[in-house]
Amino acid sequence: GSVVDDKNEFDLLLLGDCMGWAGFRPVVFEKLSGLNVFNMAVDVEQTYLMTYVLLSRYLKNCRTPPKLVLFQVSAHSLLAQELSMNRKRLRSAVLPYFRVDSDFLDELLPSVQRDYAHYRVLTIVPSLKKQFFFYNRPPWYVTAWSSSRAKYDHFMDYHVSEKAFFNEDLDPLKKPVSLVTSIPKEMQSFRVCEGNLKYFHKIMDLLENHNTAVVVCSSPIREDEAVLWDACDLENRLNELIKVNIHMHKNVLGYWNMWRSVTNIECYADHFHLNLSGANLYT
């Protein structure tokens, strides 16, 4: 919360889904470029709507807008059966972890807004707002395996020092996948996620209004998954989708095709997410 609410002035913001969250290491960017960098990517289940809200808050409060935004996109965010902010996703992926103010509630579908009208009271009365958010649960990626407050504090200190990069190697519940044998049906049928596409354009417009340049880049895929992609020409179709949707935004400097940038299976913590060595290579 403090990152988007305080008067920060990062030169480079990294946006995207969980493939970027576990793939972009700001400290590596900073060492190579000398820029001040922060990873603002969120989980794929939190959708580009959450990215839009967080970015809006940041741009409202920062001292100066970022010089550049690097926006990572994945097949999972662009192609999905239903990746909208519905009731289930709101309860499981947003309410426990983010401050829900009117800026977020205003973006919800009217039917969902009615169910959560009581949250507007919490955003209006300061004392209630403070009390309510004090009881929000710590992030799942800490509570899932932290057995003590000391371990929790140690992990959060590390997370802060890494500028919000998530190191998948620290998750003892993570099990490597030896072979990917299938891809989701939404990818095979190329079902475009209209909800995320809508907020992709809203994010681009917001950045253009703040004179911030953007580079869009794709997330990497494993070599065994790449074989499955080739069978349905998925990479070319995704590249065309991305290029069509960035063409209308004057602040987009270009698109980096990074699908095959890290293909070694040993660089992956699971089917999708990079481990630390993979993140270093991707970054």
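Above this note sits the structure.
Only a predicted model underlies this, so the values are computations on that prediction, with no experimental measurement involved.

A.B. asks: Go over the overall build of the protein chain, please, and point to the residues and values.
C.D. replies: Of regular secondary structure, the protein chain possesses 17 helices and five strands. For the protein chain, buried positions account for 53% of its 283 residues. For the protein chain, the share of sequence-separated contacts (at least 6 apart) that also reach a separation of at least 24 residues comes to 78%.

A.B. asks: Quick one: what's the story with the nonpolar core, residue by residue and with numbers?
C.D. replies: Ranked by internal contacts, the top residues of the largest apolar core, which has 56 residues, are Phe 71, Phe 104, Val 216, Leu 234 and Leu 238. Tallying contributions element by element places helix 4 (residues 47–61) first for this core, with nine residues. Judged by nonpolar contacts, the second largest core, of 13 residues, contains Phe 29, Val 215, Cys 267 and Tyr 282.

A.B. asks: Break down helix 4 for me, with residues and values.
C.D. replies: Over its 15 residues, helix 4 extends 22 Å from the first C-alpha to the last, a length consistent with the 21 Å expected when each residue adds 1.5 Å. Most of helix 4 sits out of view: twelve of its 15 residues are buried. Buried within helix 4 are the following residues: Thr 47, Tyr 48, Leu 49, Met 50, Thr 51, Tyr 52, Val 53, Leu 54, Leu 55, Arg 57, Tyr 58 and Leu 59.

A.B. asks: Explain helix 14 (residues 194–209) residue by residue, including any values.
C.D. replies: With 16 residues, helix 14 extends 23 Å from end C-alpha to end C-alpha; this agrees with the ideal 22 Å at 1.5 Å per step. Listing the buried residues of helix 14 in full gives Asn 196, Leu 197, Tyr 199, Phe 200, His 201, Ile 203, Met 204, Leu 206 and Leu 207. Note on helix 14: the residue one or two positions beyond its end, Asn 211, has a positive phi of about 55°.

A.B. asks: An account of the packing of aromatic side chains is needed here, citing residue identities and associated values.
C.D. replies: Under the definition given, this model contains ten aromatic pairs. Taken together, a centroid distance of 5.4 Å and an interplanar angle of 40° make the contact between Phe 71 and Phe 200 tilted. Taken together, the residues Phe 71 in strand 3 (residues 68–73) and Phe 200 in helix 14 connect sequence positions 129 residues apart. When its relative accessible area of 0% is taken as the criterion, Phe 71 is described as buried. Note on Phe 200: relative accessible area 4%, which makes it buried. Members of the aromatic cluster, joined through ring pairs, are Phe 10, Phe 38 and Tyr 58.

A.B. asks: Residue-level account of the pairing of strand 3, with values.
C.D. replies: Side-chain direction in a regular strand flips from residue to residue, so the side chains alternate between the two faces of the sheet. With respect to burial, strand 3 is a largely interior element, five of its six residues being buried. The pairing of strand 1 (residues 12–15) with strand 3 spans four bridges and is classified as parallel. Considered in strand 3, the bridge of Leu 14 is made with Leu 70. When strand 3 meets strand 4 (residues 213–218), the two strands line up parallel, connected through six bridges. Looking at the pairing, Phe 71 lines up with Val 216 of strand 4.

A.B. asks: So, the environment of Thr 212: which residues are in play, and what are the values?
C.D. replies: In this structure, Thr 212 sits in the loop between helix 14 and strand 4. Along the primary structure Thr 212 and Val 252 are separated by 40 residues, whereas in three dimensions their C-alpha atoms are 8.9 Å apart. Beyond its immediate stretch of four places on either side in the chain, Thr 212 contacts Pro 65, Pro 66, Lys 67, Leu 68, Val 69, Leu 207 and Asn 251. A distance of 3.0 Å separates the side chain of Thr 212 from the backbone oxygen of Pro 66, its partner in a polar contact.

Reading the values: rules and limits
- Residues numbered from 1 in each chain as written.
- Predicted model: local features only at pLDDT ≥ 70, side-chain atom pairs only at ≥ 80, totals over all residues.
- Heavy atoms only, no water.
- Helix = DSSP H or I, 4+ residues; strand = E, 2+ residues; numbered from the N terminus.
- Buried < 20%, exposed > 50% of the residue type's maximum accessible area, 1.4 Å probe, protein only.
- Contact = heavy atoms within 4.5 Å.
- Core = buried A, V, L, I, M, F, W, Y, C linked by side-chain atoms within 4.5 Å.
- Expected span 1.5 Å × (residues − 1).
- Phe/Tyr/Trp six-rings, centres within 6.5 Å; stacked < 30°, edge-to-face > 60°.
- Pairing = 2+ DSSP bridges.
- Polar contact = N/O pair within 3.5 Å; in protein donor to acceptor, adjacent residues only side chain to side chain.

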